[in-house]
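If you want the building blocks of each chain, they are given just below.
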Amino acid sequence: MDRRSVIKNAGIAGILAAGAAPAVHAQAAIRWRLASSFPKSLDTIHGAADTFARAVKNMSGGKFEISVHAAGEIMPAFGVVDGVQQGSIEMAHTAPYYFFGKDETFALGCAIPFGLNSRQMTAWMYEGNGLKLMREFYAKYNIVNFPGGNTGAQMGGWFRKEIKSVADLKGLKFRIGGFGGKVLERLGVVPQNIPGGDIYPALEKGTIDSAEWIGPYDDLKLGFSKVAPFYYYPGFWEGGPELDFFINDKAFNALSPEYKAIVEAAAAQAHTDMQAKYDARNPAALKQLVGSGTKLREFPKDVMAASFKEAMAFYEELSAKNENWKKVYADYSKFRGEQNLWFRFTEARFDAFMQAQKL
């Protein structure tokens, strides 16, 4: 290649580079507020919003900034859907199942008892019909959603007394989020929906008998082992709960194509980052809890079996009376069946073998 060709090609490269870079830098400066449903002390679940905001700022060259506000700073933990819907904030980071009181379909965007695990949930959202169906539903609330993290399968929670059979559930005041409470209520449990930051004092004072949050890393931070000795597993109502970024549709639609792409990429980064943090930090935290006296217990088989039966019956009842639920759950249920067939031969067998080894 001669000198003139090099100069010519270098010139074209320079023009292309100059033409590509300003695509973001020429954008107008934007400032948004994000309301979280979680306290700052939980660097994993609240931290996903920080990860998202930081990525948006970096990818936009500082032009697009999002301030993150913990639960209670600008609105209550459970007020964020109203805030986004009304446009009083541009976006929120939350667990969709908190809002099943508005419509049970919200729970399908997060977790339901005996539902999808975290990988299956991500697959349904991105490669199945999950994102399409949930966005159609959220549009009724002026919301555009993006997956914003997953905790992985959760623990079953902290109890003052042992649970030896289904009979021990009757009358139990249990802080439980989302749809788990609706199912356990059918077995005599008295569910309590309390924000994360308020659980410890309620458990300490005896206002509630038991509480679940997420898993060892967060539970250790929140100090539940000090007021309830029995730690149960698995959290069958949260096999793979997805967190979401809820964005006001007018605010999102007003963004340029470049900024929309940045939001999508930043959400995907936060989605992956959250579960990586939980998977990396939970083992050491569980060891610490058990080492300090926590009594680890598996839910009795009759509790699992009775809960599964009630969950399936509940979903049938909802399908008969809620058209939103019926439409989304039909697809969700079909996807779950196909995933279970596949995972039965691969992940489950591999995991069972590995967990039986001495490593």
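In case you missed it, the structure is sitting above this.
My aim in this report is to walk through the structure given alongside it, one point at a time. (Residues numbered from 1 in each chain as written. Predicted model: local features only at pLDDT ≥ 70, side-chain atom pairs only at ≥ 80, totals over all residues. Heavy atoms only, no water.)

## Things to note about the pairing of strand β1 (residues 30–36)
Link 1 in the chain: Across the seven residues that make up β1, a large majority, five, are buried.
Link 2 in the chain: Bridge analysis of β1 against strand β2 (residues 64–69) gives six bridges, and the strand direction is parallel. What sits directly across from Ile-30, in β2, is Phe-64.
Link 3 in the chain: Handedness of the crossover is the feature at issue here: the chain leaves β1, passes through helix α3 (residues 47–59), returns alongside β2, and the resulting connection is right-handed.
Link 4 in the chain: As defined by bridge partners, β1 adjoins strand β3 (residues 91–94) across three bridges and the pair is classed as parallel. When the sheet's bridge partners are listed, Leu-34 is paired in β3 with Met-91. (Buried < 20%, exposed > 50% of the residue type's maximum accessible area, 1.4 Å probe, protein only. Helix = DSSP H or I, 4+ residues; strand = E, 2+ residues; numbered from the N terminus. Pairing = 2+ DSSP bridges. Right-handed = clockwise from strand over helix to strand, strands pointing away.)

## Re the sheet that holds strand β11 (residues 295–298)
Link 1 in the chain: Pairing within the open sheet is mixed, and its six strands lie in the order β7-β6-β8-β5-β9-β11. Unpaired on one side and paired on the other, β7 (190–192) and β11 mark the two borders of the sheet.
Link 2 in the chain: Pairing of strand β6 (residues 173–175) with strand β8 (residues 210–211) involves two bridges; the strand directions are parallel. The residue of β8 that forms the bridge with Phe-174 is Ser-210.

## Looking at the layout of surface pockets
Link 1 in the chain: Taken as a whole, the largest pocket spans an internal volume of roughly 1,200 Å³.
Link 2 in the chain: Where the lining of the largest pocket is concerned, the elements lending two or more residues are α5 (118–126), α11 (257–291), α13 (323–345) and α14 (347–355).
Link 3 in the chain: Ranked by the residues each element gives to the lining of the largest pocket, the list is headed by α14, at six residues.
Link 4 in the chain: Residue composition of the lining of the largest pocket, grouped by class: 14 nonpolar, 14 polar and seven charged. (1 Å grid on protein atoms, 1.4 Å probe; cavity = no way out; pocket = protein on both sides within 12 Å on 5 of 7 lines; lining within 4 Å. Points joined across faces, edges and corners; volume = space filled by probe spheres on them. Nonpolar A, V, L, I, M, F, W, Y, C, P; charged D, E, K, R; others polar.)

## Observations concerning empty space enclosed by the protein
Link 1 in the chain: Overall, the coordinates contain two cavities of 30 Å³ or more when judged by the stated rule.
Link 2 in the chain: Estimates place the volume of the largest cavity at around 90 Å³.
Link 3 in the chain: Lining the largest cavity are 15 residues, and of these Ile-45, Tyr-97, Tyr-98, Gln-154 and Ile-214 sit closest to its centre.
Link 4 in the chain: Of the residues contributing to the lining of the largest cavity, the split by class is ten nonpolar, two polar and three charged.
Link 5 in the chain: Put simply, the second largest cavity is a space of about 50 Å³.
Link 6 in the chain: Every residue lining the second largest cavity is listed: Phe-159, Leu-169, Leu-172, Phe-174, Leu-184, Val-189, Phe-236, Trp-237, Phe-299 and Val-303.
Link 7 in the chain: Taken together, the residues that form the lining of the second largest cavity break down as ten nonpolar, no polar and no charged.

Keep in mind these values describe shape, not function.
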